[in-house]
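So you can see what is in the structure, the chains are spelled out below.
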Amino acid sequence: MVRVRVVVAVVLSFIFPGLGHAYLRRWARSLLFVGIFVTVTAIAVPESALTSVGSIVEVTQRVSDRITLSESLAMSVVEVAAMTDAYLLASSAARTSDEGPRCPNCGKELDGDIDFCPWCAHEIDELRRVSRD
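Let me sum up the structure you'll find in this document. (Residues numbered from 1 in each chain as written. Predicted model: local features only at pLDDT ≥ 70, side-chain atom pairs only at ≥ 80, totals over all residues. Heavy atoms only, no water.)

## Thoughts on the packing of aromatic side chains
Here comes step 1: Summed over the entire model, instances satisfying the criterion amount to one aromatic pair.
Here comes step 2: For Arg5, the ring lying beneath its charged end belongs to Tyr23, and the centroid distance is 6.0 Å. (Phe/Tyr/Trp six-rings, centres within 6.5 Å; stacked < 30°, edge-to-face > 60°. Lys NZ or Arg CZ within 6 Å of the ring centre and 35° of its normal.)

Take a look at the structure:
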């Protein structure tokens, strides 16, 4: 179960940098990686590649034809950094997840500052949460 969470976080970060961090509920890091990726992409992709109308395949082909290797590498570096960071966060959380409180309904880990399980929406009693700590 723990390895699944690590893999999901890495795959989501591969799809779009920041999604894996959002899955791990690391909102600030998620916004940071989304912002960095969007900024690097906005700088790297020429406007002329995006202004013509066409299918997503045609637009993707125009973009890949008009960006240089260094621009493509810059976008890839951000993506690999997001994947690596999501992997490290998820695997470190997996090592310490046995210590934290768990949902009595689904058994997944809980945040200490909310009164419901973010995974199954089960309402958590304060007494039950304190007794598990």
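Read on for the rest.
## A look at helix α3 (residues 27–44)
Here comes step 1: For α3, spanning 18 residues, the distance from its first C-alpha to its last is 25 Å, which sits close to the expected 26 Å at 1.5 Å a residue.
Here comes step 2: Here α3 has its buried residues at Ser30, Phe33, Phe37 and Ala44. The buried residues of α3 occupy one face: seen down the axis, they fall within an arc of 80°. Of the exposed residues in α3, those oriented more than 90 degrees away from the buried face are Trp27, Ala28, Leu31, Ala42 and Ile43. (Helix = DSSP H or I, 4+ residues; strand = E, 2+ residues; numbered from the N terminus. Expected span 1.5 Å × (residues − 1). Buried < 20%, exposed > 50% of the residue type's maximum accessible area, 1.4 Å probe, protein only. Arc of directions from axis to C-beta.)

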